[in-house]
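# Fold and contact review
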Amino acid sequence: MPISVAIVGSGPAGFYTADALSSSGDAVSIDFIERLPTPYGLIRGGVAPDHQTTKNVQKKYEKTALKEQVRFFGNVEVGRDVSLAELRSMYDAVVLAVGAPRDRALGIPGEDKKGVFGSADYVGWYNGHPDFRDLNPNLNVAAAVVIGVGNVAIDVARLLSRSADELAETDLPEYAERAILDSPVKDIWTCGRRGPIDAKFTNVELREMGKLSESVPLVKAEQLPDSVGELPERDKRLKERNLETLREFCARKLDEKPKRVHFEFYAAPVEILGGDRVEGVRFERTRVEGGRATGTGEFFDIPCGLVIAAIGYRSDRIEGVPFDDKQGIVPNNDGRVEDGLYAVGWIKRGPTGVISSNRPDGVTVAEHIHNDFAGGAKGSKPGRKALEKLLAERKARIVSFADWKKLEAAESEAGGGKRPRRKFTTVRDMLDYLDRNRN
Amino acid sequence: MPKLTFVMPDGSRREVEASEGASVLEIAHDNDLEDAIEGACEGSMACSTCHVVVEGDWYAKLPPPSAEESDILDLALGLTRTSRLGCQIRLTADLDGLVVKVPGEHLDMRGR
Ligand SMILES: Cc1cc2nc3c(=O)[nH]c(=O)nc-3n(C[C@H](O)[C@H](O)[C@H](O)COP(=O)(O)OP(=O)(O)OC[C@H]3O[C@@H](n4cnc5c(N)ncnc54)[C@H](O)[C@@H]3O)c2cc1C
Ligand code: FES
C-alpha cells in the first residue's frame, strides 16, 4: 500500500514537501488540505501585488499539484471540517504546513485604537484575503506610520505611495486600489528601533523605493554610520550595499515628488496617541550598543492617522499539538513533531527567510517520511478514501484543483489584460461562481 | 550547437547540448535538472534560486552582471566571487564549452 500523506496548508512549504515526496520514487499518495478554496498561501496573500514576477513560482507548484499522486482538497479547514486527530488516524503521515498568519503584538499602550493595524491583517486586506477583505482601513489621512524596517514594512510603505498608473498593473482588489488612489496621504514614516545596519530589508526592495514615480525616499544623514563595522564577509557586503543606497536617499529633496517616505531609525514606539482613533505615535530615541537598543530618555511624536505594525508573525496554536508560545511555532526536531506528524515552513522555523528557504524543509521531511515508512512498503492507513468519506458525511464543500483552475481563469479574465487578475475576495463569491459554472 | 557542462553538488558532471541564445537556467530545465536549479521566478530576477558558480577563466568571458543581478545574487546562499544567476547567462557560440557548478547549499540550509 502506498504511504498516505496529508499536507495541511498549500503554501510554499507544503508544495516543496509534495514536490520532494512525489519525485522520490516512493509509492505515495499526497493530499493537500487547504482552508481556502485557493492554493499557494502567502504567494497569493502575502507577496506584494506589484511584485508579480515573485509569484511566478506558482507555475512550478501547479505542476506538482497536477501530478498523478497529488490531490487538492480546498475549502477544507483542519479544526473546522476535520480534526487533526482524525487526519492522523486516516493518514500514515501528516505534515503541518499552516504558516504563521498572526501578527505579533506591539505591546504598547493605545495599540487597540482605531486606525492601528498589524501587517498580517493589512497585507491580507490589500491582497484580497477573504479573512481580511472587510478590514476597511481608513486611508483618508495625511500621514501614516509603518513600524518595522523589514521587507514587509517596505511593501506596505511602497504600496501606499504608488501612482495610479503603477497600481493599474497590479492585482490589487478594486476596493483597495480605490482606497489607495483616494488617499490624500503625503508622508509615510517607516520606523525602526535600531539603526540602519540592523534593518532587515534587502537592497532590492530598498532601491526600488528610489525609483517610484510619485514618491521620494528620505533619510537623515546623521543616522547613517560611516561604516558597517565588523561583520562576516557576506553580511558585510549586504549591509554595505544597503548603506550605499541609504546614502543616495540622503541627497534626495523633500519636494521632489508629491509623496515622501521617511526612514526613521533609532526610534522605539512607546505609545499610540489619540482618543478613540489614532492621532500619532510617541517614540523614544534609542542608541544601539552591542546590537541592543536602549532608550535615551528623549521622546518625540509623529502625528498620523494610520499605523501599520510590521514587526513579525506567529503561528496559531493547533489543537492536539504541543506549542511553543514564546516562539509561536510547533516544537520539532528538524521537522519531526511526533510519530507520523511533521512540520515544515513557518510553523516549523518561524517567520523568516524567502520563499525558497522553505524548500529544504520540504526535502528534509520527505526524507524523514521515506525513512519512517521504509520507502513506501509500510503504508497502512487508507488516506484519501477515508477523508472523502468523512467529508461527504459532513457535507463539506470541497474545492478541487480543477475548480481552482476555473476560478483562476475567471480572475485572469476579470483582469482585462493589463492587470494580471482581479481576485475573488470572498469564499461565497468563489463557491457561487463554481456553482454557476459546473461541468 | 554550443556545449555546456554542469558540475553537480556531488561532483558528477553532465555535459549537454545547448541551443544558442538559451539561458543556463533554460538549458538546465531542458535537461531535467529542475531539482538542481530551481529558477522559482522563471528568469525574472526575483529569486536567486538559479544561482550557479562559473568555473575557471569562463567568468571573465561573460558580460558583467547588471546592478539588478548583483542585488539578487547577493541573496544567494554559498555566494562566491564567480557566482552568477543562471537565468542571466545566455549561451553564445563563444561560450561553447562553458562549465558551471551547481551549488548544494540551497538544499542544505537547515536552521536558517
Ligand atoms: C507580507 C509578506 C510578503 C512576503 N514577500 C515575499 C517576497 O516578496 N519574496 C519572498 O521570497 N518571500 C516573501 N515572503 C515570505 C514567504 O511568503 C514565506 O516564506 C512563505 O509563504 C512561508 O510558507 P509557508 O508554506 O510556511 O506558509 P504560508 O505561505 O502562510 O502557507 C500556509 C497555508 O496553510 C493554510 N492553512 C492555515 N491553517 C490551516 C488549517 N487549519 N487547515 C488547512 N489549511 C490551513 C493557509 O491558508 C495557507 O494557504 C513574504 C511574506 C509576507 C508575510
Ligand atoms: S530564476 Fe529567479 S533570479 Fe533567476
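The shown structure was predicted, so the numbers you read here are calculated from the model rather than taken from an experiment. Once a new chain begins, its residue numbering starts again from 1 and follows that chain's sequence as written. For naming, the first written chain is A and the first written ligand is 1, with later ones following in the order written. For a predicted model such as this one, the threshold for reporting local features is a pLDDT of at least 70, and the threshold for listing and counting side-chain atom pairs is 80 or more; totals across whole chains, interfaces and linings nevertheless cover every residue. Each side-chain value is worked out from all heavy atoms of the structure, with water and hydrogens disregarded.

## Re a positive patch on the surface
Residue and element names in this part refer to chain A. The condition is simple: What goes into a patch is any residue over 30% in relative accessible area without a salt bridge, connected to like charges within 9 Å or, for nonpolar side chains (Val, Leu, Ile, Met, Phe, Trp, Tyr), within 5 Å. Per-residue and other accessible areas were derived by the Shrake-Rupley procedure at a 1.4 Å probe size, with only the shown protein chains allowed to occlude residues. Salt bridges, as used here, are contacts in which a Lys or Arg side-chain nitrogen is within 4 Å of a carboxyl oxygen on Asp or Glu. Charged-residue counts in this description rest on Lys and Arg as positive and Asp and Glu as negative, His and the chain ends being excluded. Note on charges: their place is set at NZ of Lys, CZ of Arg, CG of Asp or CD of Glu. Each helix is a run of H or I in the DSSP string that is no shorter than four residues. Each strand is a run of E no shorter than two, and both are numbered from the N terminus. The cut-offs for exposure are 20% and 50% of the maximum accessible area for each residue type, with area from a 1.4 Å probe on protein chains only; residues under the lower value are buried, those over the upper are exposed, and the others partly exposed.
Residues R193, R194, K200 and R292 make up a contiguous surface patch of positive charge. Among the structural elements, R194 can be located in the loop between β8 (187-191) and α9 (203-208). Judged by its relative accessible area of 31%, R194 is partly exposed.

## Details of the domain arrangement of chain A
All names here are of chain A. For the record, the criterion: Boundaries of every domain are those given by an automatic assignment or by a domain database. Residues count as neighbours in contact if any of their non-hydrogen atoms are within 4.5 Å of one another. Summed over both partners, the accessible area (1.4 Å probe) lost when two parts come together is defined as the buried area. Identification of polar contacts relies on pairs of N or O atoms within 3.5 Å, with a donor-acceptor requirement for protein atoms, meaning one able to donate a hydrogen and the other able to accept it, and with residues adjacent in sequence counted only if both atoms are side-chain atoms. Lys, Arg, Asp and Glu make up the charged group, whereas Ala, Val, Leu, Ile, Met, Phe, Trp, Tyr, Cys and Pro make up the nonpolar group; the residues left over, Gly among them, are polar.
Entries for chain A in the domain assignment read domain 1 (3-100 + 315-436) and domain 2 (102-313). Placing a centre on the C-alpha atoms of domain 1 and another on those of domain 2 gives a separation of 31 Å. With 29 residues of domain 1 at the interface, the matching set in domain 2 holds 27 residues. Counting each side, the surface lost to burial between domain 1 and domain 2 is near 2,300 Å², with a carbon and sulfur contribution of 46%. When the buried area of domain 1 at its contact with domain 2 is split by residue, P49, D50 and T425 rank highest and sum to 25% of it. Linking domain 1 with domain 2 are eight salt bridges. In this structure, the salt-bridge partner of D131 is R35, at a minimum N-O distance of 3.0 Å. Linking domain 1 with domain 2 are 18 residue pairs in polar contact (both at pLDDT 80 or more), by the criterion used here. Mapped onto the side of domain 1 that touches domain 2, the elements with two or more residues apiece are α2 (42-45) and α15 (427-436). Residue composition of the side of domain 1 that touches domain 2, by class: 11 nonpolar, seven polar and 11 charged.

## Structural notes on the packing of aromatic side chains
Stated precisely, the cut-off is as follows: Pairing of aromatic rings covers Phe, Tyr and Trp, the last through its six-membered ring, and needs centres within 6.5 Å; plane angles under 30 degrees mean stacked, over 60 mean edge-to-face, and all others mean tilted. Only lysine NZ and arginine CZ atoms are considered, and such an atom sits over a ring when it is within 6 Å of the ring centre and within 35 degrees of the ring normal.
What the rule picks out here adds up to 16 aromatic pairs over all chains. Seen from their ring centres, W125 of chain A and Y175 of chain A are 5.7 Å apart, and the 45 degrees between their planes marks the pair as tilted. With W125 of chain A in helix α5 (residues 119-126) and Y175 of chain A in helix α8 (residues 174-182), the pair connects residues that are 50 residues apart, well separated along the chain. Take W125 of chain A: its relative accessible area is 3%, and that puts it in the buried class. When its relative accessible area of 22% is taken as the criterion, Y175 of chain A is described as partly exposed. Taken together, a centroid distance of 5.5 Å and an interplanar angle of 50 degrees make the contact between F424 of chain A and Y433 of chain A tilted. Under the relative-accessibility criterion, F424 of chain A is labelled buried at 15%. Every member of this aromatic cluster is reached through a ring pair, and the members are F15, Y16, F32, Y40, Y61 and W404 of chain A. The ring of W58 of chain B is capped by K61 of chain B, whose NZ or CZ atom sits 4.6 Å from the centre of that ring.

## Here we look at the environment of V53 of chain B
Residues and elements named next belong to chain B. Relative to the assigned elements, V53 resides in strand β3 (residues 51-54). As for V53 and F6, which are separated by 47 residues in sequence, their C-alpha atoms are 9.8 Å apart. Sequence-distant contacts of V53, that is, excluding residues within four places in its chain, are made with T80, T82, S83, V99, V100 and K101.

## A few points about the sheet that holds β3 of chain B
All names here are of chain B. As a reminder, the rule being used: Here a strand pair is declared whenever DSSP counts at least two bridges between the two strands. Between N-to-C directions, angles cover 0 to 180 degrees, with each direction set by a line fitted to C-alpha atoms, over the stretch in contact for helices.
Taken in spatial order, the five strands make up an open sheet running β2-β1-β5-β3-β4, and their pairing is mixed. The sheet is open, and its two edges are formed by β2 (13-17) and β4 (83-85), each paired on a single side. Each strand of the sheet is rotated relative to its neighbour by a mean of 35 degrees, with strand direction disregarded. Relative to β2, strand β1 (residues 3-7) runs antiparallel, the two sharing five bridges. Along β2, the bridge assignment pairs K3 with E17.

## Observations concerning the pairing of strand β2 (residues 28-34) of chain A
Residues and elements named next belong to chain A. Spelled out, the test is: When the strands point away from the viewer and the connection leading from the first strand across the helix to the second strand turns clockwise, the crossover is called right-handed.
Extensive coverage of β2 is indicated by the burial of seven of its seven residues. What you see with β2 is no split at all: V28, I30, F32 and E34 on one side and S29, D31 and I33 on the other are buried throughout. Here strand β1 (residues 3-8) pairs with β2 via six bridges, running parallel. From the neighbouring strand, V5 faces β2, where its bridge partner is I30. Crossover handedness for the path β1 to helix α1 (residues 12-22) to β2: right-handed. Bridge count for β2 against strand β3 (residues 70-74) is five bridges, and the pairing is parallel.

## Let's talk about α8 of chain A
All names here are of chain A. Rules: Taking the helix axis as origin, the arc is that swept by the directions to the C-beta atoms.
Every buried residue of α8 is listed here: A176, E177 and I180. What you see down the axis of α8 is that its buried residues fit within an arc of 100 degrees, all on one side. Away from its buried face by more than 90 degrees, α8 exposes E174 and D182. Buried residues in α8 make contact with α5, α6 (151-160) and α7 (164-167).

## Focus on the side chain of D74 of chain B
Considering the arrangement of structural elements, one finds D74 of chain B in the loop between α3 (67-73) and β4. A distance of 2.6 Å separates polar atoms of two side chains, one belonging to D74 of chain B and the other to R237 of chain A. Not counting the four nearest positions on each side in its chain, D74 of chain B is found in contact with R234, R237, L238 and R241 of chain A together with L79 of chain B.

## Looking at the site of ligand 1
All names here are of chain A. Applied cut-off: The rule for a residue being near a molecule or strand is that one of its heavy atoms must lie within 4 Å of it.
In the neighbourhood of ligand 1, 29 residues make up the surrounding shell, with A13, E34, L42, W346 and I355 lying closest. Take P12: an N or O atom from its main chain is 3.4 Å from an oxygen atom of ligand 1. The separation between an oxygen atom of ligand 1 and a polar main-chain atom of A13 is 3.0 Å. When isolated, ligand 1 has an accessible area of 1,000 Å², and the protein chains bury 89% of it. Where the shell around ligand 1 is concerned, the elements lending two or more residues are α1, β2 and α6. Taken together, the residues of the shell around ligand 1 break down into 16 nonpolar, nine polar and four charged. For the shell around ligand 1, the two domains that each supply at least three residues are domain 1 (3-100 + 315-436) and domain 2 (102-313).

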